[in-house]
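Tertiary structure, described
One letter stands for each residue in the lines below.
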Amino acid sequence: MLDLTDLSGPREAVGFEAYLTGYPLVGTEYYVLAKTWLAYEMSRPGCVWTHSLLVSKGALADVSATSLNLAFRRPNVGDYARYKSPIELVPSERWSSGSAPFASKVLAALYLSAFSVWLPWSDSSSCESAILALWDQQWPSLRSAFAFSTGSFSPRQVNGRPLDLQVLPVTQLAAWSRQEHATNALEMAELPWSKRAAHDLESPGRLRRFLWEAGVGGRERYALLVEAVTATEQGDLISGFRTLDMANLSSSRLARAKRALLQIAPDLEDADLLRLIVQDELGSSPLPGGRRISTVVKHLLETEPSVAIRLAQQAIERPESPGAQRFLQSLAASFAVSDLPYMRDSDLPIFLALLRSRPSLAAAPALWMTSADVQQMIVGTIRPSTRDAEKITRAIVQAGSDPGFVWAANAWPAHVVRAVLDAAEAGRLNPGIRDAATRLAARHPSEVLQWARGRAAPGAGSLEFVADSSTISTAMHFAAVDSWLQWAVDESPKSDRAWGLLFGLALNWRGEAARALLAHSFRRLHDLAARSWLSDRSWSLIDDQVPHIGVFWDWDRCERLRRAVTSKFVEEKWDPAGLVDFAYSSEVDRDLTAAFREVKSGREFLKKR
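Residues numbered from 1 in each chain as written. Predicted model: local features only at pLDDT ≥ 70, side-chain atom pairs only at ≥ 80, totals over all residues. Heavy atoms only, no water.

For the coordinates displayed, the defined rule picks out 32 salt bridges. Put simply, glutamate 390 and arginine 394 hold a salt bridge, and the shortest N to O gap is 3.4 Å. Placement of the pair is glutamate 390 and arginine 394 together in helix H17 (residues 386-399), with a separation of four residues, close to one helical turn. For glutamate 390, a relative accessible area of 40% puts it in the partly exposed group. Taking relative accessible area as the criterion, arginine 394 reaches 33% and is therefore assigned partly exposed. (Salt bridge = Lys/Arg side-chain N within 4 Å of Asp/Glu carboxyl O. Helix = DSSP H or I, 4+ residues; strand = E, 2+ residues; numbered from the N terminus. Buried < 20%, exposed > 50% of the residue type's maximum accessible area, 1.4 Å probe, protein only.)

Right under this line is the structure:
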């Protein structure tokens, strides 16, 4: 610091009676901005006054060069008290402005070269505002490392490193001719990006805001960042993004830079904006103008569907791209469930990609009426959440899809059971899946009962389904005896298993309703057994409910049914006159009478008849 507060060379120069020096104070967290004045009042030639301001690097982002420059005071001999206390800076704009004819060349030299840049000039005062604006334009980490002087009478260094930018008197140009690895700014060509940056020195605006948002590190990234802004302002956001990619920014900083650049871009066509998203250029950045991606995608799908489809084709080729998946999710959200079956016919890969992005689209019954191959692809593609399960299972049940039913039954058996019961209740259970549905319900009796608790009175369709799929214990809890009796009286055809279940239920209930249910089911079940039409599956329901009559006689199912009836009459002490409802023929009446003689207390019961 002592060296840099002294005269900047062996002799003075006209026009440089005062000059500025800025540099990081090595080994500390301070940056020094100093102003030096020639001290003509001193007797010894070459004396100078230097007022140095020490600013913590953490505070550099909150001060402007203008406010610091206004704080400088030329010392007077003997008047040093004012320098003992910290200075309270005068409020000013955050950034300084200033221009000079050399600005574009200096910017090009400074940010295209890693070496020291020197500017031969006539005086320090006319370049001071531009140099301060250049320092102010730099983002904080660059500013805190930048070393410069607006009056170098000979080459200057800080900690053995030449200052980044030095203004030298043109009269002393010879002293610089032997400098190696140094660049004369006036010999540089102006470039489009350096002209744009020079304009920002004069009128700070969105370029400077972008640099502060995206900038990090030293001088090496500056030119690329300004080039990105220049290309974007000219309507080529893609080139702007490509230029940012070359800046070697961290992923988080790059995403931040692209978000900032996107706010600079002129209004983009929907297709161009979505293409950037698919190419993962925007990451999770908000869209310009506060637009929502779902709105943009929907509008494009409505106005240019072929373009939307081409973008979808590009997106499915980039499965690892968050932007591509973001587009596909928005595209899938733009489709109605009823629209998707038509997409299947036009482009199967896109159809599957949309299903993968929005599994709830699989709630279209038409999808489950396609070929088995397509259904297997759907099953292998979607990974729906539980909240989608109910709608999808209803679509599968409605369509009667066998592949879909097997898959859904394994994934969400409870949802499938409820959907099946709803369909059966409405009389719309597809015959193609009825067998599989009954087997599923038999494996999940608790779900059947839970569904029943939400019904005041189960209908004939669900009663019939439960009869085909449930055990007697489940069916007893499913509905009261009156519901089963009403269904038994109904003239619609019923399976032999249904009659077997009704008979078993009647044996387990008491009262007149149970006797009426037993009469209806006995007549039908006895007739089936007599004709050898009663299946083993149906008989298995009541095999343990009816009496056994011996190893050699248990084959006679009719006799076992009769003994079950007579035992129930005796047990419940029903009126013997009620047997007329069971004896649908004289032969059956005779056999029932004989059966009473074989059961305990049966003979006494017959005497009452």
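Within the largest apolar cluster, 199 residues are counted, with the highest numbers of intra-cluster contacts made by Phe327, Trp368, Trp484 and Phe503. Top element by residues in this core is helix H26 (residues 512-530). It accounts for nine residues. Residues within four places of tryptophan 484 in sequence aside, it is in contact with Leu463, Val466, Ala475, Phe478, Ala479, Leu501, Leu502, Leu505, Trp509 and Leu517. Counting eight residues, the second largest nonpolar core, distinct from the first, contains Leu4, Val32, Val158 and Leu163. (Core = buried A, V, L, I, M, F, W, Y, C linked by side-chain atoms within 4.5 Å. Contact = heavy atoms within 4.5 Å.)

What the seven strands build is an open sheet, ordered E3-E2-E1-E5-E8-E4-E9; its pairing is mixed. In this open sheet, the two strands that pair with only one neighbour each are strand E3 (48-56) and strand E9 (182-184). Relative to strand E4 (residues 116-121), helix H2 (residues 103-112) is tilted by about 160°, and along the sheet it contacts E4, strand E8 (165-169) and E9. Packing of helix H3 (residues 125-137) onto the sheet brings it into contact with strand E1 (18-25), strand E2 (30-38), E4, strand E5 (148-149) and E8, and relative to E8 it is tilted by some 175°. (Pairing = 2+ DSSP bridges. Axes fitted to C-alpha atoms, helices over the stretch in contact; angles between N-to-C directions.)

Another aspect to go through is the packing of helix H22 (residues 460-469) against helix H24 (residues 481-489). Contact pair H22 / H24: the axes reach a minimum separation of 10 Å and the direction vectors enclose 100°. Judged on the interaxial angle alone, H24 and H22 are roughly perpendicular. Counting all contacts with H22, which are made through Ala460, Leu463, Glu464, Val466 and Ala467, the residues of H24 involved are Ser483, Trp484 and Trp487. Of the residues contributing to the contact of H22 with H24, the split by class is six nonpolar, one polar and one charged. (Parallel < 35°, antiparallel > 145°, perpendicular 65-115°, else oblique. Nonpolar A, V, L, I, M, F, W, Y, C, P; charged D, E, K, R; others polar.)

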